[in-house]
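Structural description and commentary
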Amino acid sequence: MRSYRQLDQVRRDESNDTLLFTCSQEGDSSPALWIGREGMYINISATYGPLEIALRPRLRDLKTGLAQLRPTERLTVMRMVGTGQANIELGLSQEGELLFRPTLVTDATGHLAVNMVLTPQARQELFAWLGIAQDT
């Protein structure tokens with residue numbers, strides 16, 4: 001069974017053109033999601049305590065994947081951005097929450113993922129930062 005942590009706070013660093021999503025109930029092992037642009041790539045660091053998953057997908061692929069999301073009744077994975085071994089699973093709820101699940105797949109025997117959900121406000125800030133039109 002999957003357990004999702006909600007990220008509801010966003011900090012933007014204008015000088016480095018990055019976003020940091022955190023949980024309002026911060027603690028030593030609170031999850032965080034850092035996103036930054038690097039040319040045609042996007043750097044993503046998803047942390048949960050000392051555990052980190054770092055991914056570097058193509059910016060164009062992430063923007064396309066997010067723009068094509070349509071709300072569903074349940075929060076489920078609808079799009080995958082990346083490769084078969086390292087990807088971000090994306091989903092959008094009818095309430096506007098964004099499922100953001102960075103995943104490393106070892107092989108058919110297992111995977112490692114950080115299960116995060118961005119609140120509607122945090123999702124709107126991400127979409128605005130990426131320049132994605134919001135019709136949901």
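Residues numbered from 1 in each chain as written. Predicted model: local features only at pLDDT ≥ 70, side-chain atom pairs only at ≥ 80, totals over all residues. Heavy atoms only, no water.

Here strand β8 (residues 86-92) runs beside strand β9 (residues 98-107); their pairing, made up of seven bridges, is antiparallel. Looking at β9, one finds that A86 is bridged to L104. The antiparallel hairpin formed by β8 and β9 contains five residues in its connecting segment, where G96 sits at a positive phi of about 95°. Of the strand pairs in this sheet, β9 and strand β11 (residues 116-118) are connected by three bridges, and their pairing is antiparallel. What sits directly across from L98, in β11, is L118. Turn length for the β9-strand β10 (residues 110-113) hairpin, with the two strands adjacent in sequence and antiparallel, is two residues. (Pairing = 2+ DSSP bridges. Helix = DSSP H or I, 4+ residues; strand = E, 2+ residues; numbered from the N terminus.)

Our focus in this paragraph is helix α1 (residues 59-67). Taken together, the buried positions of α1 are occupied by L59, L62, G65 and L66. Take α1 and look down its axis: the buried residues cluster within an arc of 135°, on one side only. Tucked into the core, α1 has its buried residues touching β5 (41-48), β7 (79-82), β8, β9 and α2 (120-130). (Buried < 20%, exposed > 50% of the residue type's maximum accessible area, 1.4 Å probe, protein only. Arc of directions from axis to C-beta. Contact = heavy atoms within 4.5 Å.)

Let us look at a nonpolar patch on the surface. Taken together, the side chains of Y48, L51, L104 and L112 present a nonpolar region at the surface, about 290 Å² in accessible area. Tracing the chain through its elements places L51 in strand β6 (residues 51-55). Classification of L51 as partly exposed rests on a relative accessible area of 36%. (Patch = residues over 30% accessible without salt bridge, like charges linked within 9 Å, V, L, I, M, F, W, Y side chains within 5 Å. Areas by Shrake-Rupley, 256 points an atom, 1.4 Å probe, with all protein chains shown as cover. Salt bridge = Lys/Arg side-chain N within 4 Å of Asp/Glu carboxyl O.)

Here we take up the nonpolar core. Formed by 30 residues in total, the largest nonpolar core has its most connected members in L33, L66 and L126. Among the elements that make up this core, the one with the highest residue count is α2 (five residues). Discounting residues that sit within four places of it in the chain, L126 has contacts with L19, F21, I35, L66, L98 and L118. (Core = buried A, V, L, I, M, F, W, Y, C linked by side-chain atoms within 4.5 Å.)

Strands sit in the order β2-β3-β4-β5-β6 across an open sheet of five strands; the sheet is antiparallel. The sheet is open, and its two edges are formed by β2 (9-13) and β6, each paired on a single side. Neighbour to neighbour, the strand axes of the sheet diverge by 15° on average, direction disregarded. Where β5 lies against β6, five bridges are found, and the strand directions are antiparallel. Counterpart to T47 in the pairing with β6 is E52. Its contacts with the sheet put α2 on β2, β3 (18-22), β4 (31-38) and β5, and the angle it makes with β3 is roughly 170°. (Axes fitted to C-alpha atoms, helices over the stretch in contact; angles between N-to-C directions.)

The next thing to look at is the packing of aromatic side chains. Counted under the stated rule, the structure contains zero aromatic pairs. Here the basic side chain of R37 rests over the ring of W129, its NZ or CZ set 4.1 Å away from the ring centre. The side chain of R56 reaches across the aromatic face of Y41, ending 4.3 Å from its centre. (Phe/Tyr/Trp six-rings, centres within 6.5 Å; stacked < 30°, edge-to-face > 60°. Lys NZ or Arg CZ within 6 Å of the ring centre and 35° of its normal.)

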